[in-house]
Amino acid sequence: MAVLPIRIIGDPVLHSPASPVEEITDDVRTLVADMFETMDTAPGVGLAAPQVGVPLRIYTYSYTDDDDQPWRGVLINPVLWMVPLEPGEPDPELESEGCLSFPGERFALRRSDRVHVTATDLDGLPVSIDVDGWRARIMQHEFDHLDGILYVDRLSDGDWKTVQKITRKRGWGRPGASWMPGVDDFEG
Ligand code: ZN
């Protein structure tokens, strides 16, 4: 297994839709093992294949809630349904999220509170997930990556201007920008 560099906003692979996985090959299994290691090292609660430069519809997730129940997995070719968003402004305390591809920052974003996801696992078997709250947020965030959408693309105009300012200041927003978990000092 290997820790992979994580692409940063501006790299084209993050801003284009990923392709379905046609077959679960040894390459796919190696990629997923590396994604778990990269996600855990970052550390992050989720990682999509485009974030490590691979334009395939795969993401991993790992979240431990207050009662220490670990929730981890990998989803291949996921399909996501969500209940409509509650209207209103997001609460910065409770609804802020971050992204390993826009590292070190957090912004408030309203997300659907409940999702249903179907996918296949690494053995090609069907998976069905119904989750709410933070888990539903993780699913929406990672699923967006497969469609070439970063959470910062969904922010209000004011926050989007801040995102652009940070991007310029750090020299991001160009092809090939990346950081290395365990080496560079960032967290998503
Ligand atoms: Zn992300």
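What comes next concerns the included structure. Note that this is a predicted model, so its numbers are computed, not measured.

Reading guide: rules and limits
- Residues numbered from 1 in each chain as written.
- Predicted model: local features only at pLDDT ≥ 70, side-chain atom pairs only at ≥ 80, totals over all residues.
- Heavy atoms only, no water.
- Helix = DSSP H or I, 4+ residues; strand = E, 2+ residues; numbered from the N terminus.
- Expected span 1.5 Å × (residues − 1).
- Buried < 20%, exposed > 50% of the residue type's maximum accessible area, 1.4 Å probe, protein only.
- Arc of directions from axis to C-beta.
- Donors = N, O, S within 2.8 Å, 3.2 Å for Na, K, Ca; no water.
- Contact = heavy atoms within 4.5 Å.
- 1 Å grid on protein atoms, 1.4 Å probe; cavity = no way out; pocket = protein on both sides within 12 Å on 5 of 7 lines; lining within 4 Å.
- Points joined across faces, edges and corners; volume = space filled by probe spheres on them.
- Nonpolar A, V, L, I, M, F, W, Y, C, P; charged D, E, K, R; others polar.
- Salt bridge = Lys/Arg side-chain N within 4 Å of Asp/Glu carboxyl O.

### Overview of helix H3 (residues 157-169)
The terminal C-alpha atoms of H3 lie 18 Å apart, and with 13 residues this matches the ideal 18 Å at 1.5 Å per residue to within 8%. Within the span of H3, buried status applies to Val163, Ile166 and Thr167. The buried residues of H3 occupy one face: seen down the axis, they fall within an arc of 100 degrees. The outward face of H3, more than 90 degrees from its buried face, is lined by the exposed residues Asp157, Lys161, Lys165, Arg168 and Lys169. After H3 finishes, the residue glycine 171 shows a positive phi value of roughly 70 degrees.

### Comments concerning unusual backbone geometry
In this structure, proline 43 follows alanine 42 across a cis peptide bond, with omega equal to -15 degrees. Here proline 43 is to be found in the loop between helix H1 (26-41) and strand S2 (46-48). Of note, aspartate 68 is a non-glycine position whose phi angle comes to about 65 degrees, a positive value. Relative to the elements of secondary structure, aspartate 68 occurs in the loop between strand S3 (58-64) and strand S4 (70-82). What makes aspartate 68 exposed here is its relative accessible area of 61%. Within the chain, asparagine 77 stands out as a residue other than glycine whose phi angle is a positive 50 degrees. Of note, asparagine 77 is situated in strand S4. Note on asparagine 77: relative accessible area 27%, which makes it partly exposed.

### Some words on the coordination of the zinc ion
Only Cys99 (SG), His141 (NE2) and His145 (NE2) from the protein reach the zinc ion as donors, at distances of 2.0 to 2.3 Å. As a motif over one chain, the donors of the zinc ion read C-x41-H-x3-H. Taken as a pair, histidine 141 and histidine 145 lie in helix H2 (residues 133-146) at a separation of four residues, close to a single helical turn. Look at histidine 145 and you get buried, because its relative accessible area is 1%.

### Things to note about the environment of leucine 31
With respect to the helices and strands, the residue leucine 31 is situated in helix H1. Under the relative-accessibility criterion, leucine 31 is labelled buried at 10%. Separated by 24 residues in sequence, leucine 31 and proline 55 have C-alpha atoms that sit 12 Å apart. The residues contacting leucine 31, other than those within four sequence positions of it, are Leu4, Ala49, Val52, Val54 and Ile58.

### Observations regarding the layout of surface pockets
One number sums up the size of the second largest pocket: a volume of about 240 Å³. Around the second largest pocket, the lining is made up of 13 residues, and of these Glu95, Arg111, Ser112, Asp113 and Arg137 lie nearest the centre. Here the residues of the lining of the second largest pocket are counted per class, giving five nonpolar, two polar and six charged.

### Section: the pattern of salt bridges
Tallied over the full model, the rule gives 13 salt bridges. Notably, a salt bridge pairs aspartate 147 with arginine 57, separated by 2.9 Å at the nearest N-O pair. With aspartate 147 in the loop between H2 and H3 and arginine 57 in the loop between S2 and S3, this residue pair connects regions lying 90 residues apart in the sequence. According to the relative accessible area criterion, aspartate 147 is partly exposed, its value standing at 32%. The salt bridge involving aspartate 132 is made with arginine 114; its shortest N-O contact spans 3.2 Å. With a gap of 18 residues between them, aspartate 132 in strand S8 (residues 126-132) and arginine 114 in strand S7 (residues 114-120) connect regions that are remote in the sequence. One continuous salt-bridge network, built from bridges that share partners, spans Glu95, Glu97, Arg110, Arg111, Arg137, Asp144 and Arg154.

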